[in-house]
Every structure is written in structure tokens, then in C-alpha cells.
Amino acid sequence: MSTVTIGSKNPVTIKKTAALAPMASVADSAYRTLCRSFGASYVVSEMVSSKGLFYSDRKTAELCTVTDAERPMGIQLFGEDPEFMKNAVTLIERFEADIIDINMGCPVPKVAGNGAGSALMKDPQKAEKIVRAVKSVSPCPVTVKIRSGWDNDCINAVEFSKRMEAAGADAIAVHPRTRNQMYSGHSDWDIIRQIKQAVSVPVIGNGDVKSALDCKKMYDETGCDLVMIGRASYGNPWIFKSIDKYFETGEILPPPALKERIEVMLTHVRMIVKNLGEGQGMREARKNVAWYLKGLPNAAKYRNECGSLVAFSQLEDMSRRILQSQAQCEE
Ligand SMILES: Cc1cc2nc3c(=O)[nH]c(=O)nc-3n(C[C@H](O)[C@H](O)[C@H](O)COP(=O)(O)O)c2cc1C
């Protein structure tokens, strides 16, 4: 299996299969650890506020913890002020991230409305200053994650990537939708191809990869150096295993049997509960449980039940009932 190396100062070598995309409120430590164990070749933290770090928000610092099981792992920072961003790198140094990723793609008003995230694509000069500032203190490679542009009238990802490379970015990750598109329509993979042709640093392609075949297609059509997957991993860490297998042998793995799905779901939720405690952990786990159960017979009934899960034992009980009812169907 081939690899891609990012950066020259403490470079990071990553298997060219598929990485897990940063996803706030979804790809937490348990999620990342599980996806790594299923073959995700690289993971990134949820976005972390540079200002939150400065004002010593405890929760913000928690988001930066990197465990050995998650490496190679990037910590993603967001902010619109080069000095705060620089300071943030120093504040998170103790977590020893393998990569610092700068968020220049977040579309939500809370972030973009303050000039950070995707709003930086409208202000390339400020974005360059941020890359230079972060790079000047970062002990590890620095990457940027962008969109295709702000809106249909301003699709500037190719030019923007060249500027970020010149400012020192060690790789460009791109989700080629505009900010205004949010998550609607399709991502335009041709933009990934154009960026790859325009820069010499590695390009990480992202957007709408839902299977091993999609992953291969993105590599082939865009020439990107690494594929990154977000939503298709919901309740589906197997996607990474399936990509590994397909790239090794050309074989498409069948979907996991129900028993395996339930077992992995329980393992995942156990990890969440271990990290967050049972109360908060079960609340956070509900969406994951609903994703694992998607497509099952009577899924709607069980998904309804998810909304009131407060104890891990309730989930174990629900799991037993699901498996029993399947066994009865098969008799
Ligand atoms: C719930 C959710 C949270 C996200 N949070 C982040 C984030 O914190 N930082 C970031 O750069 N992108 C974030 N994204 C965007 C994803 O990293 C990715 O670019 C996008 O989902 C497209 O990839 P996909 O089609 O494989 O899901 C988020 C996406 C979702 C759905």
C-alpha cells in the first residue's frame, strides 16, 4: 500500500487508503479511536477555538487530547486572528499533535460570521497571515482545510490553495462545496483535480465518498494524495476496512452481519461512556446508536427508543431484543 508524507519538519507518513474527516460533535475521541482500529489511516480532532483555548475553556482543551491509539492525528484550530491562532499552537503543544490543521471551511454562522472558517476564503491575505503565524511556532506540519469558495460567484479554491502553499501550508484538504451550499448538492471533485495540478504539497480530497468504489474513483479522477471521509462513517466504521480490503485484493466486503453491528455499536458506546461518564455519554451516544440501527427491520421503533436511553444497561437490553427478534425471524 502506498503512502503520502506531509511536511518536512517532523513529517507524517499516512497510508493512502482513507482518513476520517474532522466532525464537530461527532468524531470525538471514541469515534476516532474506533475508526482508526477499523483502518482509518489518519484522524483529525473536532474543531477547536483558538479564543476558547486562550480563555482557558476546560472543554476546549479536552478536545485536544491525543491518545496513542488515534495517531497519526491532527488537531484542528479555528479563528480569524493570526496572533490568537499562533498562541493557540503554543497552548496545545503539550498534546503533541502530529499535524495542526487550520479550519478554513466551516460554514456555520457562529464561526464564519466572525471571520473564521470559510469566511477566510474571502480574505486570502488574512488566511496567509494565519498560516504564516501558525507555521512560525508549530513543531509539526501545518495543513489547511478549505471549501471550493464562498459562493457560486467566488469559487477561488485553486488560487487560494496556491497562496496557502506559498504561505507555508504543508497540505491542502478540500471539501469542494461552496460555503453557501453548506451540504446541499454535490461536491465538485474536478476542483480537487485542479488543486492537485496547481500545488506541489499533498492534496486531501473530501466530499461524498460513500464506499470503497467511490474512494478509488476519487483517487483516480482527481489524482489526490489522500481521501478523507466524513458522513459515510456514521454508524459505519467498516467503510475503512472495506477500503483497505478493496485496495489490497480488489474484493468488496459484504456489509457486517447484524450481530457484529450490534457488538461494534456496544463497544463504541462503552468507549463514549468511559470517556464522558454514563449520563453525558449516553446522551452523546444516542445519535450513534440510531446510525448503527439504520436499515434494520423495525429500525424506526428502536430509533425512537434511542431518544430516551440514559443507562448503558438499557442499550444492552435493547440489543438483546434486536438479536432475539432477528433469531425468531430466521426460525
Ligand atoms: C456533523 C459535521 C461536523 C463537521 N465538523 C467539521 C469540523 O469541525 N471541521 C471541519 O473542517 N469540517 C467539519 N465538517 C465537514 C467534514 O469534515 C467534511 O468536510 C464534510 O462532511 C464533507 O465530507 P463527507 O461528504 O465525506 O461527509 C463537519 C461535517 C459534519 C457533517
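Residues numbered from 1 in each chain as written. Predicted model: local features only at pLDDT ≥ 70, side-chain atom pairs only at ≥ 80, totals over all residues. Heavy atoms only, no water.

Evaluation of the coordinates by the stated rule reveals 19 salt bridges. Two residues, K196 and D225, come together in a salt bridge whose shortest N-O distance is 3.0 Å. Here the residue K196 occupies a position in helix α8 (residues 189-198), and D225 occupies one in the loop between α9 (212-222) and β11 (226-229), the gap between them amounting to 29 residues. According to the relative accessible area criterion, D225 is buried, its value standing at 12%. Several salt bridges share partner residues, and in doing so they unite D68, R71 and D98 into one network. (Salt bridge = Lys/Arg side-chain N within 4 Å of Asp/Glu carboxyl O. Helix = DSSP H or I, 4+ residues; strand = E, 2+ residues; numbered from the N terminus. Buried < 20%, exposed > 50% of the residue type's maximum accessible area, 1.4 Å probe, protein only.)

Bringing the site of the ligand into the picture now. In the vicinity of the ligand lie 18 residues, with P22, Q76, N206, D208 and R231 positioned nearest. Relative to its unbound accessible surface of 610 Å², the ligand loses 88% to contact with the protein. (Near = heavy atom within 4 Å. Areas by Shrake-Rupley, 256 points an atom, 1.4 Å probe, with all protein chains shown as cover.)

Parsing the chain into structural domains produces domain 1 (3-249) and domain 2 (258-330). Taken together, the twelve residues of domain 1 in the interface contact eleven residues of domain 2. By the criterion of area lost to domain 2, the three top residues of domain 1 are A30, L34 and W238, representing 43% of everything that side buries. Our count for the contact surface shared by domain 1 and domain 2 stands at zero salt bridges. Summed over the shared surface of domain 1 and domain 2, the result is two residue pairs in polar contact (both at pLDDT 80 or more). Here the side of domain 1 that touches domain 2 takes five residues from helix α1 (residues 29-37), the largest share from any one element. Class assignment for the residues of the side of domain 1 that touches domain 2 results in eight nonpolar, four polar and no charged. (Domains from an automatic or database assignment. Contact = heavy atoms within 4.5 Å. Buried area = accessible area lost by both parts, 1.4 Å probe. Polar contact = N/O pair within 3.5 Å; in protein donor to acceptor, adjacent residues only side chain to side chain. Nonpolar A, V, L, I, M, F, W, Y, C, P; charged D, E, K, R; others polar.)

A separate point is the packing of α9 against helix α10 (residues 238-249). One way to put it is that α9 packs onto α10 with a least axis distance of 9 Å and a crossing angle of 60 degrees. Of the two elements, α9 crosses α10, and the hand of that crossing is right-handed. Counted together, A212, L213, C215, K216 and Y219 of α9 and S242, I243, Y246 and F247 of α10 form the full contact between these two elements. Its residues assigned to classes, the contact of α9 with α10 comprises seven nonpolar, one polar and one charged. (Axes fitted to C-alpha atoms, helices over the stretch in contact; angles between N-to-C directions. Left-handed = near helix turned anticlockwise from the far one by under 90°.)

A few words on the environment of W291. With respect to the secondary-structure elements, W291 resides in helix α12 (residues 278-293). Leave out the neighbours within four places in its chain, and W291 touches V26, Y234 and G235.

Mapping S138 onto the fold places it in the loop between α6 (124-137) and β8 (142-149). Look past the residues within four positions of S138 in its chain and what remains in contact with it is K9, V89 and I100.

What follows covers the nonpolar core. Membership of the largest hydrophobic core comes to 77 residues, with the highest contact counts inside it found for L77, M104 and I146. Not counting residues up to four positions away in its chain, the partners in contact with M104 are G117, S118, L120, M121, A127, V131, V144, K145, I146, R147, F160 and M164. Counting 27 residues, the second-largest nonpolar core is a separate cluster that includes I262, M265, L293 and Y302. (Core = buried A, V, L, I, M, F, W, Y, C linked by side-chain atoms within 4.5 Å.)

A few words now on a nonpolar patch on the surface. Among the surface-exposed residues, F54, Y55 and L91 lie close enough to one another that they form a single nonpolar patch of about 320 Å² accessible area. Tracing the backbone shows F54 in helix α2 (residues 50-54). Look at F54 and you get partly exposed, because its relative accessible area is 40%. (Patch = residues over 30% accessible without salt bridge, like charges linked within 9 Å, V, L, I, M, F, W, Y side chains within 5 Å.)

With that settled, the discussion passes to unusual backbone geometry. P72 follows R71 through a cis peptide bond whose omega is 0 degrees. With respect to the helices and strands, P72 occurs in the loop between α3 (58-62) and β6 (73-78). One non-glycine residue with positive phi stands out, namely N10, at about 45 degrees. Its place among the elements puts N10 in the loop between β1 (3-6) and β2 (12-15). For N10, a relative accessible area of 52% corresponds to the exposed category. We note that S25 has phi near 65 degrees; this positive angle belongs to a residue other than glycine.

What follows is about α8. Looking only at α8, the buried set comprises W189, I191, I192 and I195. The buried residues of α8 occupy an angular sector of 150 degrees when projected down its axis, which confines them to one face. Structurally, α8 contributes buried residues whose contacts are with β8, α7 (157-167), β9 (171-178), β10 (203-206) and α9. (Arc of directions from axis to C-beta.)

With that settled, consider α6. Along its 14 residues, α6 runs 20 Å from first to last C-alpha, staying within 8% of the 20 Å computed at 1.5 Å per residue. Those residues of α6 lying buried are A127, E128, I130, V131, A133 and V134. On its buried side, α6 packs onto α4 (82-91), β7 (99-104), β8 and α7. (Expected span 1.5 Å × (residues − 1).)

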